[in-house]
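# Topology and contacts: notes
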Amino acid sequence: MRESSKNFEPLLTKEAPAVVERMGLTWLIAAAIATALLWQIPAGDYILYPFTILATWFHEMGHGLMALLLGGQFQKLQIFSNGSGVATYGIQSSLGPIGPAIVAAAGPMGPPLAGAGLILASRSFTAATLSLKILGSFLLFSALIWVRSSFGLVAIPLLGFIILGIALKAPRWAQGFVIQFLGVQACVSTYHQLDYLFSSSAGPLGLSDTAQMQRYLLLPYWFWGGLMAIASLVILVQSLRVAYRSE
């Protein structure tokens, strides 16, 4: 048995990689389905807790970074032990009502887009290692610059150090496993918050993200929730298709 310089899976013969890739893809799809189902039961929240915190970070960073891209401010990020989070930002956009709507959408779409990037990076060992280093470093950077909740100041650096440790010390197969698994978890995390996507209220925080989109783009919040749920699934499927496409 030898280890290919281009693939994470061990390569037994030159004729074997297609079989190995199909087995890997089947496992990832099964993991995605199992995750979506686990998130619908109370015990699932405990089993998937680290991924819930990471998905919340992706979500809230999506709001804050999009506000920055549109010329606004990303003031602070709070992540709490129950898995919820709040991004505080200000918007200064020349796009009129479209700007705030884009910032609102960037939260729910942050995890699937980040997940797709991680899955696509798994095609190359170099890209996978670099992506894990960037993700771990950015978790640490965000804790230093934006995170302002006591729980977040512990959890986010801890996740950052773990991911950096994997990028620096883990063998190639482990890095390939981790980056693809994190990518799938991020994509399917949309289905952890289905009730939120199809709700007009965010509790004490006011309007939900989809209700914010309704406010600025007129179409009902459930339309935007459904659109983002479908988009998340399409992003996951397409990123897996590209990542496992035979060269």
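Taking an unreviewed UniProt entry as the reference, the protein chain is identified by name as Peptidase M50 belonging to Nostoc sphaeroides CCNUC1.

In this structure the tally under the stated criterion is two cavities of 30 Å³ or more. Taken as a whole, the second largest cavity holds about 30 Å³ of empty space. Along its surface, the second largest cavity is lined by F51, L54, A55, F58, L182, Q185 and A186. Secondary structure elements with two or more residues in the lining of the second largest cavity: helix 3 (49-69) and helix 7 (172-188). The leading source of residues in the lining of the second largest cavity is helix 3, at four residues. Split into classes, the residues belonging to the lining of the second largest cavity amount to six nonpolar, one polar and no charged.

Turning to the environment of Q75, a few remarks are in order. Tracing the sequence through the fold places Q75 in strand 3 (residues 73-79). Note: C-alpha distance between Q75 and T88 (13 residues apart in sequence) is 5.4 Å. A polar contact of 3.3 Å, which involves the side chain of Q75, links it to the side chain of Q73.

When the UniProt feature table is mapped onto this chain numbering, "transmembrane region" (unreviewed entry) sits at residues 20-41, 47-70, 125-145, 151-170 and 221-244. This span, residues 151-170, is 95% helix and 0% strand, and a straight line between its end C-alpha atoms measures 27 Å. Strand forms 0% of residues 221-244 and helix 96%; the C-alpha atoms that close the span are 35 Å apart.

Right, let's get into the side chain of E60. With respect to the secondary-structure elements, E60 resides in helix 3. For E60, which is buried and forms no salt bridge, the nearest opposite charge comes from K76, at a distance of 12 Å.

What follows deals with the packing of helix 4 (residues 98-121) against helix 9 (residues 209-217). Remark: helix 4 packs on helix 9, axes separated minimally by 9 Å, with the N-to-C direction vectors making an angle of 160 degrees. The pairing of helix 4 with helix 9 is recorded here as roughly antiparallel in orientation. Between helix 4 and helix 9 the crossing geometry is left-handed. Note on element contacts: helix 9 touches helix 4 through D209, Q212, M213, Y216 and L217, opposite I98, P100, A101, A104, A105 and P108. In terms of residue class, the contact of helix 4 with helix 9 is built from nine nonpolar, one polar and one charged.

With that out of the way, let us pick up the environment of I162. Structurally, I162 can be placed in helix 6 (residues 150-169). Each C-alpha atom of the pair I162 and G136 lies 7.6 Å from the other, and the pair is 26 residues apart in sequence.

A few words on the confidence of the model for the protein chain. Here the protein chain shows a mean pLDDT of 86. Residues at 70 or above account for 89%. Per-residue pLDDT, averaged within each element of the protein chain, yields its smallest value for strand 2 (residues 10-11) (40) and its largest for helix 6 (97). Predicted confidence for residues 1-23 stays below pLDDT 50, and this span has 22 contacts to residues more than four positions away or in other chains.

Further remarks concern the pairing of strand 3. Relative to strand 4 (residues 85-90), strand 3 is paired through six bridges, and the arrangement is antiparallel. Bridge pairing links K76 to T88 in strand 4. Hairpin connection, strand 3 to strand 4: the antiparallel pair is bridged by five residues, and G83 has positive phi, about 95 degrees.

Here we come to the side chain of Q180. As for its position among the elements, Q180 is in helix 7. Judged by its relative accessible area of 11%, Q180 falls in the buried class. At 3.0 Å, the side chain of Q180 and the side chain of Y244 are in polar contact.

The rules behind the values
Residues numbered from 1 in each chain as written. Predicted model: local features only at pLDDT ≥ 70, side-chain atom pairs only at ≥ 80, totals over all residues. Heavy atoms only, no water. 1 Å grid on protein atoms, 1.4 Å probe; cavity = no way out; pocket = protein on both sides within 12 Å on 5 of 7 lines; lining within 4 Å. Points joined across faces, edges and corners; volume = space filled by probe spheres on them. Helix = DSSP H or I, 4+ residues; strand = E, 2+ residues; numbered from the N terminus. Nonpolar A, V, L, I, M, F, W, Y, C, P; charged D, E, K, R; others polar. Polar contact = N/O pair within 3.5 Å; in protein donor to acceptor, adjacent residues only side chain to side chain. UniProt positions renumbered as here; feature names shortened; annotations may be inferred. Buried < 20%, exposed > 50% of the residue type's maximum accessible area, 1.4 Å probe, protein only. Lys, Arg positive; Asp, Glu negative; His and termini not counted. Salt bridge = Lys/Arg side-chain N within 4 Å of Asp/Glu carboxyl O. Axes fitted to C-alpha atoms, helices over the stretch in contact; angles between N-to-C directions. Parallel < 35°, antiparallel > 145°, perpendicular 65-115°, else oblique. Left-handed = near helix turned anticlockwise from the far one by under 90°. Contact = heavy atoms within 4.5 Å. pLDDT = per-residue confidence, 0-100. Pairing = 2+ DSSP bridges.

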